[in-house]
Amino acid sequence: MDLRSQPCSRSSVVAAVLGCVLLAGVAACGSRRDDRAGTVNTACATAAPGVTQDGINLGLLYSGSGFGSDPSTLFRAGIDARPDEQNAKGGMNGRKITYSFRDDESVPELNLVAGRDLAEHGNVLSILQFSVAPSGSAALLEQQGVPAVEGVIPDPGEHRNVFGYSRPLSQLPVSSGWGEFIAAKGGKRAVTISVELSAATTTLAGISAQSLRAAGVDVVTNLQVPAGAFDAARFAQQLRAAGADSLIAFVPAQTYYQIVAGARAAGVNLTVALGNLATYDRSALDLVGAAAAGAYSFLDYAPFELNTAAHRRFLAAMAAYSPQAASVPDGSTLIGWITTDLLLEGIKAAGLCPTRASVLTGLRAQTHYDAGGLLPAPIDLSKGMGNIAPCYDYVQVNKAGTGFDPVAPAPGCGHVLPASG
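Remember, it's a predicted structure, so these values are computed and weren't measured experimentally.

Visitor: Looking at this structure, I do not really get the sheet that holds strand β3 (residues 55-62). What am I missing?
Guide: Strand pairs in the sheet, formed through backbone hydrogen bonds, run parallel or antiparallel to each other. Here five strands make up an open sheet; going across it, the order is β4-β3-β5-β6-β7 and the pairing parallel. Since the sheet does not close on itself, it has two edges, and those belong to β4 (96-103) and β7 (162-163), each with one partner. Relative to β4, β3 runs parallel, the two sharing eight bridges. Residue pairing across strands places G55 opposite K96, the latter belonging to β4. Sitting on the sheet, helix α10 (residues 331-349) is in contact with β3, β4, β5 (127-130) and β6 (148-150), with an inclination near 155° to β6.

Here's what the structure looks like:
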């Protein structure tokens, strides 16, 4: 799928086409065999957004520019590869899968404009979202019953139309997992680390503090790093003054590895350093190498180092359909793949005549979804995002500082703490 061929202006309107609908649970459909694809095309009685006899069109709400955006397009590369793999096998019941995208520029108000455009004029069955500002369109999409599958869910609010493969990091009540991991590795006195003027990372630091205390780890303080230039030596002195033996950091990957390397250089003895999802980043690790040996990161997907059949399938699809992003396996690309795969499973479960309502039902029917083996543990979406098991895989920087080793036993599944926790 060539993403560049898709319309990208928020003001563009895709012409409406006829599709199909599932009425009162009865598929009012007739089907025919498409000899070219070897799959079934279905003609449905009435129109549904984004569905024709030969195609299914999806939407993508994406922060491709602005603060906190993903200018690398790696997430989109993963989105491209999964539908193209499906299309090579005949599509979805003979229908070719395409998508149109809008850039919300990381602004909630523009996310609302883009979401309304896709939902009301873009002729899309469902929406994929990888945005730092999804709150803009959240109420509108829920009101209109548009299924939304999100690669990252920064807003932990429950919306019945929103799905994802991972429990939101800021979801309440808090999970015990991070605290249990640090305690098991010998941490006794921890600092949490967030980014100055970042409400999201400050919230995550507070949530991790609850997890740590529940595991019996003393939380000494929260330290903050600037969003810009960073003095690792000065920060190491703050760590020394805090008297902590462990840390959990919600900061960019490059900053995380500078923190670990700076602490080592200053003789600060850290028993455990735990980074967030973004710190599983080989390019950032390469900047400090062995100085970050032993540092940990948690992941909500199986690390590439496990080299499972599911990883090999993903890498083959990337090589075939998104070769520009296939040279180095990347977590953002894998997140795009898994997010799209989850939506396609929901559409498959919706039957021969999918509608927005039946896709929502199909997504809720995913009670043992594991992305073909790419998730740490299967998830159950039948009871909403807040009830997803808080399971993570962990990786550790190897002694040479050249890569990551999976941490056993895996996965590490904490439990949800009492709301008062």
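Visitor: Honestly, the confidence of the model for the protein in this entry has me stumped. Any pointers?
Guide: In regions of low pLDDT, the predicted coordinates are not meant to be interpreted in detail. Averaged over all residues, the pLDDT of the protein is 86; the fraction at 70 or higher stands at 87%. The model gives residues 1-38 a pLDDT under 50, and that stretch makes 98 contacts with residues more than four places away or in other chains.

Visitor: Can you help me understand the nonpolar core in this one?
Guide: Soluble, globular proteins show a tendency: their nonpolar side chains are buried together. Counting residues in each nonpolar core, the largest one holds 81 residues, and the members touching the most others are L247 and I338. By residue number, the principal contributor to this core is α10, which donates eight residues. When sequence neighbours within four positions are dropped, the list of residues in contact with L247 reads I182, V191, I193, L239, Y256, I259, L270, V272, A273 and L274. Counting residues in hydrophobic clusters, the runner-up holds 21 residues, among them V174, I207, I248 and F298.

Visitor: Hey, could you run me through the pattern of salt bridges in this one?
Guide: If the charged atoms of two oppositely charged side chains come close together, the side chains can form a pair. The final tally for this structure, using the stated rule, is eight salt bridges. Residue E120 is joined to R116 by a salt bridge in which the shortest nitrogen-to-oxygen separation is 4.0 Å. On the criterion of helical spacing, the pair formed by E120 and R116 is a turn pair, its members being four residues apart in helix α2 (residues 108-121). On the basis of relative accessibility, which here comes to 38%, the residue E120 falls in the partly exposed class. Take R116: its relative accessible area is 34%, and that puts it in the partly exposed class. Salt bridges here are not isolated pairs; linked through shared partners, they connect R82, E85, R313 and D341.

Visitor: Whenever I open this one, α2 confuses me. Can you help?
Guide: Think of an α-helix as 3.6 residues a turn; residues three or four steps apart then line up on the same face. Taking 1.5 Å per residue, 14 residues should reach 20 Å; α2 reaches 19 Å between its end C-alpha atoms and fits that length. Along α2, the residues classified as buried are N111, A114, G115, D117, L118 and A119. The inward-facing, buried residues of α2 contact β3, β4, β5, α3 (135-143) and α11 (356-364). In the stretch just after α2, N123 is the one whose phi turns positive, near 55°.

Visitor: Can you walk me through the state of the cysteines in this structure?
Guide: Covalent bonding between the sulfur atoms of two cysteines is what defines a disulfide. According to the stated counting rule, one finds two disulfides in the structure shown. The partner cysteine of C391 in its disulfide is C413, sulfur to sulfur 1.9 Å. Measuring the twist about the S-S bond at about 115°, one finds the C391-C413 disulfide to be right-handed. Taken together, the residues span a long stretch of sequence, with C391 in strand β13 (residues 391-397) and C413 in strand β15 (residues 412-413) at a distance of 22 residues. Judged by relative accessible area, C391 falls into the buried class, the value being 12%. Under the relative-accessibility criterion, C413 is labelled partly exposed at 40%.

Scoring rules and cut-offs
Residues numbered from 1 in each chain as written. Predicted model: local features only at pLDDT ≥ 70, side-chain atom pairs only at ≥ 80, totals over all residues. Heavy atoms only, no water. Pairing = 2+ DSSP bridges. Helix = DSSP H or I, 4+ residues; strand = E, 2+ residues; numbered from the N terminus. Contact = heavy atoms within 4.5 Å. Axes fitted to C-alpha atoms, helices over the stretch in contact; angles between N-to-C directions. pLDDT = per-residue confidence, 0-100. Core = buried A, V, L, I, M, F, W, Y, C linked by side-chain atoms within 4.5 Å. Buried < 20%, exposed > 50% of the residue type's maximum accessible area, 1.4 Å probe, protein only. Salt bridge = Lys/Arg side-chain N within 4 Å of Asp/Glu carboxyl O. Expected span 1.5 Å × (residues − 1). Disulfide = S-S within 2.5 Å.

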